[in-house]
Amino acid sequence: GRLYINRVYQISAERMFQLLFTQSHFFVNFLGSRKVFDLECTPWQSDGNGKQTRTLTYTITINNPLVGKFTTATEKQVLYKGNQGGLSYSVEAEVLTHDVPYHDYFYTVNKYSIVRTAQDKCRLRVCTDVRYKKQPWGLVKTFIERNSWSGLEDYFKQMESDLMIEENASGSVLAEA
Ligand code: YK8
């Protein structure tokens, strides 16, 4: 796998969870800027074993000349809350892109970890893995990985920097108070 974000933000763990995993203004704006549309979310639902799950569906605009212009996607998220509520969250998200070449061969797993480091600070880590449902031949595998890593890197670089803007925006509100 690859590590795309590993950074401490001046944002509480709870708020970070709300920014990334609820339909917050931040998330809606972020997806809008990535030209992701037709977002539908189920609410977080408890499975009775201490886990919560939800499913997102959306359409992604792709800027890769090899691929069609759009793909629909399904993202299943599982939330494991740290034992002391509000201190840490870990979310595992499986993303299936339905309309790209070789879509029946691969999917992506993104692991998000939000750990409280102080009352109003947390560390966000995001790791990503490309996984296979059936084994493609070598050239196809290279093709899938090259395209997935570059798309993921772009997406998470922007997420990292948009969160820094969010961090500064809320910081200045505190400074004024
Ligand atoms: C989620 C992984 C692959 C896919 C794309 C497919 C190329 C096809 C390869 C052929 C377009 C938001 C990506 C990047 C689209 C975006 C997906 C996002 C960023 C030519 C062999 C969407 C996280 C996520 C997971 C997987 C990403 C796709 O929250 O290259």
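Residues numbered from 1 in each chain as written. Predicted model: local features only at pLDDT ≥ 70, side-chain atom pairs only at ≥ 80, totals over all residues. Heavy atoms only, no water.

Caption draft 1: Local environment of the site of the ligand. Around the ligand lies a shell of 18 residues, among which Y58, E75, N110, N147 and Y155 are the nearest. Between the ligand and the protein, one listed contact pairs an oxygen atom with a side-chain N or O atom of E75 at 2.9 Å. In this structure, an oxygen atom belonging to the ligand sits 3.4 Å away from a side-chain N or O atom of Y155. Mapped onto the shell around the ligand, the elements with two or more residues apiece are β4 (51–61), β7 (106–118) and α3 (138–176). Sorting elements by how many residues they give to the shell around the ligand places α3 first, with 7 residues. Looking at side-chain class alone, the shell around the ligand contains 12 nonpolar, 5 polar and 1 charged residues. (Near = heavy atom within 4 Å. Polar contact = N/O pair within 3.5 Å; in protein donor to acceptor, adjacent residues only side chain to side chain. Helix = DSSP H or I, 4+ residues; strand = E, 2+ residues; numbered from the N terminus. Nonpolar A, V, L, I, M, F, W, Y, C, P; charged D, E, K, R; others polar.)

Caption draft 2: Spatial organisation of the pairing of strand β6 (residues 88–97). By the alternation rule, side chains of β6 split into Y89, V91, A93, V95 and T97, which are all buried, and S88, S90, E92, E94 and L96, of which none is buried. Across 9 bridges, the pairing between strand β5 (residues 70–81) and β6 is antiparallel. Paired with L79 across the strands is V91, a residue of β6. (Buried < 20%, exposed > 50% of the residue type's maximum accessible area, 1.4 Å probe, protein only. Pairing = 2+ DSSP bridges.)

Caption draft 3: How the structure looks around the packing of aromatic side chains. One pass over the structure, following the stated rule, counts 12 aromatic pairs. Geometrically, the ring pair formed by Y4 and W149 is tilted, given 6.4 Å between the ring centres and 50 degrees between the ring planes. With Y4 in strand β1 (residues 2–9) and W149 in helix α3, this pair connects stretches of sequence that are 145 residues apart. Considered together, Y4 and W149 belong to a single accessibility category, that of buried residues. Ring geometry for Y102 against Y105: centres 6.0 Å apart, planes inclined by 70 degrees, an arrangement best described as edge-to-face. On the accessibility criterion, Y105 (23% relative accessible area) is partly exposed. These aromatic residues form a ring-pair network of at least three members: Y4, F17, F21, F26, F30, W44, Y89, Y112, W149, Y155 and F156. Geometry around F70 places K69 over its ring, the cationic atom sitting 5.6 Å from the centre. The ring of Y105 has K134 lying over it, and the distance from NZ or CZ to the ring centre is 4.8 Å. (Phe/Tyr/Trp six-rings, centres within 6.5 Å; stacked < 30°, edge-to-face > 60°. Lys NZ or Arg CZ within 6 Å of the ring centre and 35° of its normal.)

Caption draft 4: Inspection of the side chain of T128 at higher detail. Its location among the elements puts T128 in strand β8 (residues 121–132). Residue T128 is classed as buried on the basis of its relative accessible area of 2%.

Caption draft 5: The arrangement of the confidence of the model for the protein chain in detail. Overall, the predicted model of the protein chain reaches an average pLDDT of 92, with 94% of residues at or above 70. Scored as a complex, the prediction yields pTM 0.93 and ipTM 0.97. (pLDDT = per-residue confidence, 0-100.)

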